[in-house]
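So you can see what is in the structure, the chains are spelled out below.
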Amino acid sequence: MSAGSGVSAGGEVGAGQELGGVRAVRGFLRARSRTRSTSLDRYVTLFCLLMFAAVAGQPVSELLTGLAGAAGTVEPARLGAGVALLALGLAGFLAAARAAGPVLMTAPDASWLLLSPLDRRQVLGRTGRALLMVAVAAGLVLGLGLVAVLGAPDQLGWRVLGALVLGVSASVGAMALAVLARASQSWQVWLVVAMVALLVVAVVAVSGQARTVLAVAAGAPLTAMAVAASLAAAGSALLARRAWRAFGRIPAREIAAASTRGGHVADAATGVDPSALTWIAEDNHWRGRRLRSRRWPALPAAFATAWQDWRRLARRPGRLAFTLATAGLPALLAQAGGAPGVLGAVVLAGGLAVAASAATGARRDAANPALARLLGIGHRPGLAARAVLPALLAALWTSAALAGLTLTNPTPSPAPAATLATSSSAPMAGAPAPWASTPGPEAGVPGQGPRADAPEAGTTRFGLGVAELVLFGVLAAPGLAAGALRVVRRRPVDHSLPVIETGAGPVPLGPVLWGVTGIDLALAGCLPALLALSTAPPQPGPYLVAQAVTGAAALAGYVLRAGRAT
């Protein structure tokens, strides 16, 4: 290149020519690229953005319209659950940014420009702008969630603007903190502290201990909200500035590793093969680790091969603790106003996901059955042994989730007759009735006591007892394990299947069939439990028996059919 381009013949870059050198190099590569961006590409991008704005604008406008006036006052009982969900969402955003890198480049840039004498910060300029756009988009969603949780009793426009500023400031600060954690070990500690603090906030908010503080925050004047938004914006700007300065101190190996992971994710997304993502995550975790060898226990042949799943689970106690901790998420959705049928579907879907996370061995056996053949183990006994751990984890998770729903959302028991008489004869102004502690169809009418069709004392919002709900969770485990085995053993997406024309547009049949594979079997195996959780039958005994038979039949039928097919 010539000297005027900013890069000398020896490859050295002057202090005042670093930005020009990066622009010259990128211009040189862009001029000789086989795939150039045309006006048609920019038109398609702009059209997709406008279509997304049109589709997302309807629910957003309905949300903002519902917050106008007196409707903007949020119930105090749901305020803590909403704040807890927002805190968990921000913690998840931090964890995702930490897992993604978040500083990464394309494969050509990581191979040629990362170790070049060009200024590291200028080379990573595109990455910085992309991270900023991702953080702003996540912050807008977080801000809308914040205004939906806190409400807007007055001056809707200014409160929405303040909530959006708070959300964007939080997400930009979180992204900057994730970048700084890659450049310094001390910032890594602060990242962990921030995630723990968000989890503590979620626990405190959902427990009801901070209800007074949250009520004050929801009714804060506009000036206080403006001050909070200004301070948050200033803090996030300082963190973003420090993160931009830290771009040049991030080790090249960290950026290269993150770029490799990003390339694998992009390939999986381009090929519409989400199953490859779990393979990538597992291989990245175990690659380069030194594991201690221990004597294998004396077990039957089929259970001896399945023992590796138990060892793998024991070697990741943090993941197991996190999995069990997520059993409290349905309780958060219940406090936010979820219907019993929706909560039952969420619990069963979570149990299916937990069971699938423990069925890695079955997936490897399906991909490479050579080990089972060499050991002389039949496919049916091996698959049955692999199903024990997913069924056990599904039983624990679903039982804990349903128990959490009963502990956080109990149906109030009828008040004594003396209490009802006293409250009806001399009610206090502004005091809630004893039977109205939990709003819902079971709440009574003031002066009349509980409704005649209200559930009996000791039951839950599902209309079932605690022991019955736990039994449903245990009995649904075989059906969830069968669905999990079918999920992990399914083949990649078949893109050769036709595209079906529907009223909503063309639907590719291959990804749809891939997505419902496994869910269909889990739904069939847990149908009695789902019906019982949705309808609250007065006599749940027949549903329990039907669930026991259906779950066992689903698991046994899948094991027999899979063994015959193999």
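Conventions used here
- All chains use their own residue numbering, which begins from 1 and follows the written sequence.
- For this predicted model, a pLDDT threshold of at least 70 governs which residues receive local features, and a threshold of 80 or more governs which side-chain atom pairs are given and counted, while totals over whole chains, interfaces and linings are taken from all residues.
- Heavy atoms throughout the structure, all of them, feed into the side-chain values; hydrogens and water do not.
- Residues enter patches when their relative accessible area tops 30% and they take part in no salt bridge; the joining distance is 9 Å for like charges and 5 Å for the nonpolar side chains Val, Leu, Ile, Met, Phe, Trp and Tyr.
- Residue-level accessible areas treat just the shown protein chains as cover; the underlying method is Shrake-Rupley with a 1.4 Å probe.
- Every case where a carboxyl oxygen of Asp or Glu lies within 4 Å of a side-chain nitrogen of Lys or Arg is listed as a salt bridge.
- Working definition: helices are DSSP H or I runs of at least four residues, strands are E runs of at least two. Numbering for both runs from the N terminus.
- Relative accessible area decides the class of each residue, using a 1.4 Å probe on protein chains only: under 20% of the type maximum gives buried, over 50% gives exposed, and in between gives partly exposed.
- We define a nonpolar core as any set of buried Ala, Val, Leu, Ile, Met, Phe, Trp, Tyr and Cys residues linked to one another through side-chain atoms lying within 4.5 Å.
- A contact between two residues is defined here by any heavy atoms of the two lying within 4.5 Å.
- For Phe, Tyr and Trp, where Trp contributes only its six-membered ring, two rings pair if their centres lie within 6.5 Å, and the inter-plane angle classes them as stacked under 30 degrees, edge-to-face over 60, or tilted in between.
- N or O atoms closer than or at 3.5 Å make up a polar contact, with two conditions inside protein: a donor-capable atom paired with an acceptor-capable one, and, for residues adjacent in sequence, both atoms drawn from side chains.
- The pLDDT value expresses, per residue, how confident the predictor is, ranging between 0 and 100.

To continue, consider a nonpolar patch on the surface. Where nonpolar side chains cluster on the molecular surface, the patch consists of Leu40, Tyr43, Val44, Phe47 and Met51 and spans about 520 Å² of accessible area. Within the secondary structure layout, Tyr43 lies in helix α2 (residues 39-66).

Turning to the pattern of salt bridges, a few remarks are in order. Inspection of the entire model under this criterion finds 5 salt bridges. With a closest N to O distance of 3.4 Å, Asp520 and Arg486 form a salt bridge. Taken together, the residues span a long stretch of sequence, with Asp520 in helix α25 (residues 519-525) and Arg486 in helix α23 (residues 477-488) at a distance of 34 residues. The exposure class of Asp520 is partly exposed, given its relative accessible area of 37%.

Below, the discussion takes up the side chain of Ser259. One can find Ser259 in helix α11 (residues 252-270). What makes Ser259 buried here is its relative accessible area of 7%.

All right, on to the nonpolar core then. In terms of nonpolar packing, the biggest core is built from 55 residues, with Val103, Met105, Val179 and Ile255 touching the most fellow members. Looking at this core, the elements with two or more residues in it are α1 (18-31), α3 (76-100), α6 (125-150), α7 (156-183), α8 (185-207), α9 (211-218), α10 (222-246) and α11. If one sorts the elements of this core by residue count, α7 sits on top with 11 residues. Discounting residues that sit within four places of it in the chain, Val103 has contacts with Leu124, Thr127, Leu131, Val179, Phe247, Ile250, Ile255 and Ala258. Formed by 20 residues, the second largest nonpolar core is a distinct cluster that contains Ala331, Val347, Leu402 and Leu464.

Tallied over the full model, the rule gives 3 aromatic pairs. Aromatic pair Tyr43 and Phe47: ring centres 6.3 Å apart, planes at 25°, arrangement stacked. Taken together, the residues span about one helical turn, with Tyr43 and Phe47 both in helix α2 at a distance of 4 residues. For Tyr43, a relative accessible area of 53% corresponds to the exposed category. Judged by its relative accessible area of 44%, Phe47 is partly exposed. The interplanar angle of 45° and the centroid separation of 5.5 Å between the aromatic rings of Trp244 and Phe247 together place this pair among those described as tilted.

Moving on: the side chain of Gln547. Relative to the elements of secondary structure, Gln547 occurs in helix α27 (residues 541-565). Since its relative accessible area comes to 0%, Gln547 is described here as buried. Within the structure, the side chain of Gln547 is placed 2.9 Å from the backbone oxygen of Gly525, a separation counted as a polar contact. Excluding residues within four positions of it along the chain, Gln547 makes contact with Phe472, Leu475, Ala476, Gly525, Cys526, Leu527, Pro528 and Ala529.

Here the focus is unusual backbone geometry. Despite not being glycine, Ala536 has its phi angle at roughly 55°, a positive value. The topology assignment puts Ala536 in the loop between α26 (527-535) and α27. Residue classification places Ala536 among the partly exposed residues on the basis of a relative accessible area of 30%.

Moving on to the confidence of the model for the chain. Mean pLDDT over the chain: 78, with 82% of residues reaching 70 or higher. This model gives residues 1-17 a pLDDT under 50, and the stretch forms 19 contacts once residues within four places in sequence are excluded. Counting interchain partners and residues more than four positions distant, the pLDDT-below-50 stretch residues 410-458 has 41 contacts.

Turning to the environment of Leu405, a few remarks are in order. Secondary-structure assignment places Leu405 in helix α20 (residues 388-408). Judged by its relative accessible area of 1%, Leu405 is buried. Distance from Leu405 to Gly328, taken between C-alpha atoms, is 8.0 Å for residues 77 residues apart in sequence.

What follows covers the environment of Ala302. Mapping Ala302 onto the fold places it in helix α13 (residues 301-314). With a relative accessible area of 12%, Ala302 lands in the buried category. When the C-alpha atoms of Ala302 and Ala385 are compared, they prove to be 6.0 Å apart, with 83 residues separating the residues in sequence. Leave out the neighbours within four places in its chain, and Ala302 touches Ile377, Pro381, Gly382 and Ala385.

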